[in-house]
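# Chains, contacts and geometry: an overview
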Amino acid sequence: MNKKRWIIPGVVVVLVTGLYVGNRSGDGSGRHQVLAHRGIAQTFPLDGVGNDTCTATRINPPDHAYIENTLPSMRAAFAAGADMLEFDVQVSADGQLVVFHDSALECRTDGRGAVKEHSLADLRKLDLGYGYTADNGATFPLRGKGTGLLTTVPEVLAAFPDRELLLDLKNDDASEGERLADLLGTLPPERLATLAVYGGDAPVAAVAKRLPQVRAASKKTMRDCLLAYEGIGWTGHVPDSCRHTELHLPHRYGRALWGWPNRFVERMREADTRVILVAGDGPWSEGFDRREDLTDVPDGWSGWLWSNRVDLIENSGR
């Protein structure tokens, strides 16, 4: 027998076996953590949703009266067991960091124009529940319940002084990142360790440049991380672009990553990076919002779950 004929195939088998063993899923701890997206929110069907869709006009029939991005909604999310809160950030005409999702006011409120065209005092007068309807405008169940509920970033920080918070910069404007960095730069290191920022590439880069200790993520940072990891992740090494950040990953796409799901999560955790699982394809902040959604969560998942209804899923699978 010609032994040389078996050397290359044998080496290939060893390499493939090592690659497989080194990138098996792993068992995971079986304990996930939950991110409450905008607190406890009104949900809506995603069919036909586009960039210009006013989602407040297509909500599911409400079974609660909370309005997203308000302090009552945030408190309810933490009371229901959320481990971290996400909320949206914009800048008012007088330079205040306000908490609101849309750049324009018409969809959700009784106001008109862009958020940035109004002072904080004027924004506080708005009814944040004005535009919500589940029956094509026949009734507006939240109208009158959101007046005076618009809050600010400093108020959220004060309300939850020891909780994990994720701040979403809604506009791709570097000046808004600078404005947020001005505020965050006044906080002590132990508080900054509980905060993370994500959003448009320009404002997130502005925050990261001035406050590198704050975990920061954008489409660019996530893309850079995942492309680099796909190239070398089979070795078990985590590239620098994946360190001290976070990844929002649609569960359908994670399976393409080396070591997915649990070994991947462990590697990123060791690199001080959070892995947050988003439901569906990811573009419209689809969350794990019903108990039946949890069937899509990988077995033993020990990363984070994105949810608009933490009150319905928490304590499930824990």
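Looking now at the pairing of strand S8 (residues 274–278). On a regular strand, one side chain projects to one face of the sheet and the next to the other, so that they alternate. Of all the five residues making up S8, five are buried; the element is thus mostly covered by neighbouring parts of the structure. Residues of S8 alternate between two faces, with Arg274, Ile276 and Val278 on one and Val275 and Leu277 on the opposite face, all of them buried. Where strand S7 (residues 246–250) lies against S8, five bridges are found, and the strand directions are parallel. Note on S8: the bridge partner recorded for Leu249 is Leu277.

This next bit is on the layout of surface pockets. Put simply, the second largest pocket is a space of about 180 Å³. Contributing to the lining of the second largest pocket are Gln33, Glu164, Arg215, Val265, Arg269, Asp272, Thr273, Arg274, Val275, Ser302, Gly303 and Trp304. Those elements giving two or more residues to the lining of the second largest pocket turn out to be helix H9 (262–270) and S8. Looking at the lining of the second largest pocket residue by residue, the classes come out as three nonpolar, four polar and five charged.

The next point concerns the pattern of salt bridges. A side chain of one charge can pair with a side chain of the opposite charge if their charged atoms are brought near each other. Considering all chains together, one arrives at 20 salt bridges under this definition. It is possible to trace a salt-bridge network through shared partners that takes in Arg38, Glu68, Asp88, Asp102, Arg108, Asp168 and Lys170.

What follows covers the nonpolar core. Phe87, Val153 and Leu165 are the most contacted members of the largest nonpolar core, which totals 57 residues. Among the elements that take part in this core, helix H2 (residues 71–79) stands out by supplying five residues, more than any other. In terms of nonpolar packing, the next biggest core, distinct from the first, is built from 16 residues, Cys54, Ala56, Cys107 and Tyr132 among them.

Before going further, it helps to examine empty space enclosed by the protein. Within this structure, the stated rule accounts for one cavity of 30 Å³ or more. Taken as a whole, the largest cavity encloses approximately 60 Å³ of empty space. If you trace the largest cavity, you find it lined by Ile67, Glu68, Asn69, Val99, Phe100, His101, Arg108, Leu128 and Tyr132.

Geometrically, a pair of aromatic rings is defined through the distance of the ring centres and the angle of the planes. Inspection of every chain in the model, using the stated rule, returns five aromatic pairs. Taken together, a centroid distance of 5.1 Å and an interplanar angle of 55° make the contact between Phe78 and Phe160 tilted. Highlighted residues: Phe78 in helix H2 and Phe160 in the loop between helix H4 (153–159) and strand S4 (164–169), separated in sequence by 82 residues. Considered together, Phe78 and Phe160 belong to a single accessibility category, that of buried residues. Geometrically, the ring pair formed by Tyr198 and Trp306 is edge-to-face, given 6.4 Å between the ring centres and 85° between the ring planes. Of the two residues, Tyr198 is situated in strand S5 (residues 195–199) and Trp306 in strand S9 (residues 304–307); the sequence distance between them amounts to 108 residues. Both residues of the pair, Tyr198 and Trp306, count as buried. Taken together, the ring pairs connect Tyr229, Trp260, Phe264 and Trp301 into an aromatic cluster. The aromatic ring of Phe140 is capped on one face by Arg143, whose charged end is 3.8 Å from the ring centroid. Cation over ring: Arg274 sits above Trp304, and NZ or CZ is 5.6 Å from the ring centre.

Looking now at the environment of Ser73. As for its placement among the helices and strands, Ser73 is situated in helix H2. Taking the C-alpha atoms as reference, Ser73 lies 7.3 Å from Ala41; in sequence the two are 32 residues apart. Excluding anything up to four places from it in sequence, Ser73 contacts Arg38, Gly39, Ile40, Tyr66, Ile67 and Glu68. Polar side-chain contacts of Ser73 include one of 3.3 Å to the backbone oxygen of Arg38.

Among all positions of H2, only Leu71, Ser73, Met74, Ala76, Ala77 and Phe78 are buried. Against the buried residues of H2 lie strand S1 (33–37), strand S2 (84–91), H4, S4 and helix H10 (310–313).

The next thing to look at is the pairing of S2. Of all eight residues in S2, eight are buried; the element is thus mostly enclosed. Side chains of S2 alternate between two faces, with Met84, Glu86, Asp88 and Gln90 and Leu85, Phe87, Val89 and Val91 buried alike. Note that S1 and S2 share three bridges and pair parallel. Pairing of Ala36 across the sheet is with Leu85, part of S2.

Turning to the state of the cysteines, a few remarks are in order. Following the criterion strictly, the structure yields two disulfides and no others. Note on cysteine connectivity: Cys54 is disulfide-linked to Cys107, with sulfurs 2.0 Å apart. Between Cys54 and Cys107, the S-S torsion sits near 90°, and that sign places the bridge as right-handed. Here Cys54 is found in the loop between S1 and H2, whereas its partner Cys107 is found in the loop between strand S3 (97–98) and helix H3 (120–124), with 53 residues between them in sequence.

So, how was this worked out
Residues numbered from 1 in each chain as written. Predicted model: local features only at pLDDT ≥ 70, side-chain atom pairs only at ≥ 80, totals over all residues. Heavy atoms only, no water. Buried < 20%, exposed > 50% of the residue type's maximum accessible area, 1.4 Å probe, protein only. Helix = DSSP H or I, 4+ residues; strand = E, 2+ residues; numbered from the N terminus. Pairing = 2+ DSSP bridges. 1 Å grid on protein atoms, 1.4 Å probe; cavity = no way out; pocket = protein on both sides within 12 Å on 5 of 7 lines; lining within 4 Å. Points joined across faces, edges and corners; volume = space filled by probe spheres on them. Nonpolar A, V, L, I, M, F, W, Y, C, P; charged D, E, K, R; others polar. Salt bridge = Lys/Arg side-chain N within 4 Å of Asp/Glu carboxyl O. Core = buried A, V, L, I, M, F, W, Y, C linked by side-chain atoms within 4.5 Å. Phe/Tyr/Trp six-rings, centres within 6.5 Å; stacked < 30°, edge-to-face > 60°. Lys NZ or Arg CZ within 6 Å of the ring centre and 35° of its normal. Contact = heavy atoms within 4.5 Å. Polar contact = N/O pair within 3.5 Å; in protein donor to acceptor, adjacent residues only side chain to side chain. Disulfide = S-S within 2.5 Å.

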